[in-house]
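Each chain, written out:
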Amino acid sequence: MMIALALVAGCSGGSSGDGGNGGTEAPEANTIINGELPADGPAENGGILTVNDSSDSPTFDPHKSATAFTHAAISGIVYSKLLEFDVGRDIAFGSMGVHGDLAEKWDHSQDGLKWTFNLRKGVKFQNVAPVNGRLFSSADVVCTVNRIKTLPGVQKNLMDVVASMDTPDANTIVFNLNTAYGAFDETMASFYMEILPCEGTSGQFDLAQTAIGTGPFIIQKWDRKVQKTYIKNPDYFIAGKPHLDGVNVVIQADPAAAIAAFRTKQIDVTGSVSDTLLPTVLSTNPDAVVQSQLALTMNHIFMNEAIKPFDDIRVRKAVSMAWDRAGMGQTFYPQGFALAGAYPSTLFGSMSADEAAKAIPYDPAAAKKLLAEAGFPNGFDVELMTTDGYGPSITNQAQWVQQDLKDVGINVTLKVLDYATFFSTFAAKGYSIGYGLATGFLTPDEWLQADYKSDGPRNWFNVNDPKLDAMITEQRGIITKGDREKKLQEISKYIVSNVANPIFGMQYTGLLVSQPYVHNLYTHPQYARPYMADVWLDKTAPGRTK
């Protein structure tokens, strides 16, 4: 999925929803709502593809930044992973099926404690100093994982399960786990699990400024807050790919600017078109290919439990019941949305959208009662942090939340920050309450380990519940699918009832809009761009003549 799509701009509006049953069934994961998907092949080589992001990457270091924009800039496009998620014309959007990337085959022991990956032979790093095109080996996997574990990196929750690693030879890596874990292959396909060269992890080049991987494209230039320029990697390990000569990612926070550029074919693919603006795009580009895709990214209200009054579960529940989530969804995401509980309703073991609607009801009267019980019969004043870095939709939604909370006596002053400041403030826990988008993790384990464990790398809410920690650890070691599903459902109910932080709104559909000359564009709801190796432009594309 284009990162601009994942952080898609929506329409504006105030809190006027009726709190109905909208969003209690998940919409289709992917639907073509205009145009036709162009033929997959035979592929033609050449040309530059231009896409847009709404904000820039704060860094290229994947271990020091959890932001989606960092990983979309490097994961799958510059750095490869051991495994990759399946995409294609006949593969369901968001499929959790995996195939080999740097690994050509893999298996695990019967007890789920040992996973062995056999690596591709002859894979070379990009010919950029100081790595200089040397062969990739199992040592690079060890260097990557060791850096994650010792920093610790933002992937810490993913690699906590690894007790040790063995490298029988340059093309074999064995992970010895400290608990049985049947979904470890999904973990190694995560967009967070880029494999770095040892030269980078040892400090021979600055990972924040430079990325040197084994992927299909090389970063040629990074103009901060303007554009990233990628060129074809001539030594990419898959013969005949990539087809493109290069990729340009332009930074455009203003959806109107992105739409204007798309209309004039200065942009080939965008996620900046909202439902309300789509008709104007189609009026000038009637043959645009428009896909409505259900994201794993969700909007959320988050609270810092180390700061009063959000240390009180009654206050957090009051905030949850004050939020008219269904009304917001009906206004901002008319193409479809699905209310959520502890993590997206479409993931394994989650609450269904209907269960989430009942578990977190819109009930302002009950919210006022809880506030009174917590000692705030007249409400209280608070500053709510948000960002304009996702586009105007999120700031408009923050205004909606502001009105919903005012209706129960919580007087909110909005503090709108640029994306970099917002993200750093969030990570430093320098706020009391905030509103924004949550990283769209692909597995329930990622959501639980990152957000809810007391030592989770994305637990910027100060959630600290030993019982919950134990439950999350337990579910990881359950091999039987049915038993693990029951435990995950138990955990979801516990979080909604006993933690109530963060409060997730909904998964939502976003629009991926592409020109009809862009072929083989099959995306995935992950913050990575491995599909760029498959994309090609036909001869009608302006990028073929640039």
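Bear in mind the structure is a predicted one, so any value in this text is a computation, not a measurement.

Thoughts on the packing of helix 15 (residues 444–452) against helix 16 (residues 466–476)
Here helix 15 crosses helix 16 at 155 degrees, and the two axes come no closer than 10 Å. Here helix 15 is positioned roughly antiparallel relative to helix 16, judged by the angle of their axes. Between helix 15 and helix 16 lies a crossing whose hand is left-handed. Two secondary-structure elements touch here, helix 15 through Asp445, Leu448, Gln449 and Tyr452 and helix 16 through Leu468, Asp469, Ile472, Gln475 and Arg476. Its residues assigned to classes, the contact of helix 15 with helix 16 comprises 4 nonpolar, 2 polar and 3 charged.

Structural notes on unusual backbone geometry
Across the chain, the bulk of peptide bonds are trans and the bulk of non-glycine residues have phi less than zero. A cis geometry characterises the amide bond from Gly41 onward to Pro42, with omega recorded as 5 degrees. The topology assignment puts Pro42 in the loop between strand 1 (30–34) and strand 2 (48–53). Across the junction of Asn501 and Pro502, the peptide omega takes the value -5 degrees, indicating a cis bond. Mapped onto the elements of the fold, Pro502 is located in the loop between helix 17 (481–498) and strand 18 (503–514). For Asn132, which is not a glycine, the phi torsion comes out positive at approximately 60 degrees. Notably, Lys265 is not glycine yet its phi reads approximately 65 degrees, a positive angle.

Focus: helix 14 (residues 419–427)
Residues of helix 14 that are buried: Tyr419, Phe422, Phe423, Thr425 and Phe426. For helix 14, the arc enclosing every buried residue in end-on projection is 165 degrees, short of the 170-degree limit, so these residues lie on one face. If you follow the buried residues of helix 14, they end up packed against helix 2 (68–74), strand 13 (289–303), strand 15 (380–387), strand 16 (410–417) and strand 17 (433–438). A side-chain oxygen of the first residue of helix 14 lies 3.2 Å from the backbone nitrogen of Ala420; this N-cap is Asp418. Positive phi shows up at Lys429, right after helix 14, with a value of about 60 degrees.

Overview of the pattern of salt bridges
Tallied over the entire structure, the rule returns 21 salt bridges. Put simply, Asp455 and Lys156 hold a salt bridge, and the shortest N to O gap is 3.6 Å. Of this pair, Asp455 sits in the loop between helix 15 and helix 16 while Lys156 sits in helix 4 (residues 156–159), and the two are 299 residues apart along the sequence. For Asp455, a relative accessible area of 42% puts it in the partly exposed group. For Lys156, a relative accessible area of 21% translates into the label partly exposed. Between Lys487 and Glu474 there is a salt bridge, with its nearest N and O atoms 3.3 Å apart. With Lys487 in helix 17 and Glu474 in helix 16, this residue pair connects regions lying 13 residues apart in the sequence.

Side note on the nonpolar core
Counting 143 residues, the largest nonpolar core has Leu82, Phe117, Phe175 and Phe184 as the members making the most contacts within it. Here this core takes 6 residues from strand 13, the largest share from any one element. The contacts of Leu82, once residues within four sequence positions are left out, are Gly100, Asp101, Leu102, Ala103, Phe117, Leu119, Val141, Phe175, Met188 and Ile195. Counting residues in each nonpolar core, the second largest holds 9 residues, with Ile259, Val281, Ala288 and Val290 among its members.

Let's talk about the environment of Ala427
Inspection of the secondary structure assignment puts Ala427 in helix 14. Relative accessible area serves as the criterion here: at 34%, Ala427 is assigned to the partly exposed category. Spatially, the C-alpha atoms of Ala427 and Asn459 are 8.6 Å apart, while their sequence positions differ by 32 residues.

Thresholds applied
- Residues numbered from 1 in each chain as written.
- Predicted model: local features only at pLDDT ≥ 70, side-chain atom pairs only at ≥ 80, totals over all residues.
- Heavy atoms only, no water.
- Axes fitted to C-alpha atoms, helices over the stretch in contact; angles between N-to-C directions.
- Helix = DSSP H or I, 4+ residues; strand = E, 2+ residues; numbered from the N terminus.
- Parallel < 35°, antiparallel > 145°, perpendicular 65-115°, else oblique.
- Left-handed = near helix turned anticlockwise from the far one by under 90°.
- Contact = heavy atoms within 4.5 Å.
- Nonpolar A, V, L, I, M, F, W, Y, C, P; charged D, E, K, R; others polar.
- Buried < 20%, exposed > 50% of the residue type's maximum accessible area, 1.4 Å probe, protein only.
- Arc of directions from axis to C-beta.
- Polar contact = N/O pair within 3.5 Å; in protein donor to acceptor, adjacent residues only side chain to side chain.
- Salt bridge = Lys/Arg side-chain N within 4 Å of Asp/Glu carboxyl O.
- Core = buried A, V, L, I, M, F, W, Y, C linked by side-chain atoms within 4.5 Å.

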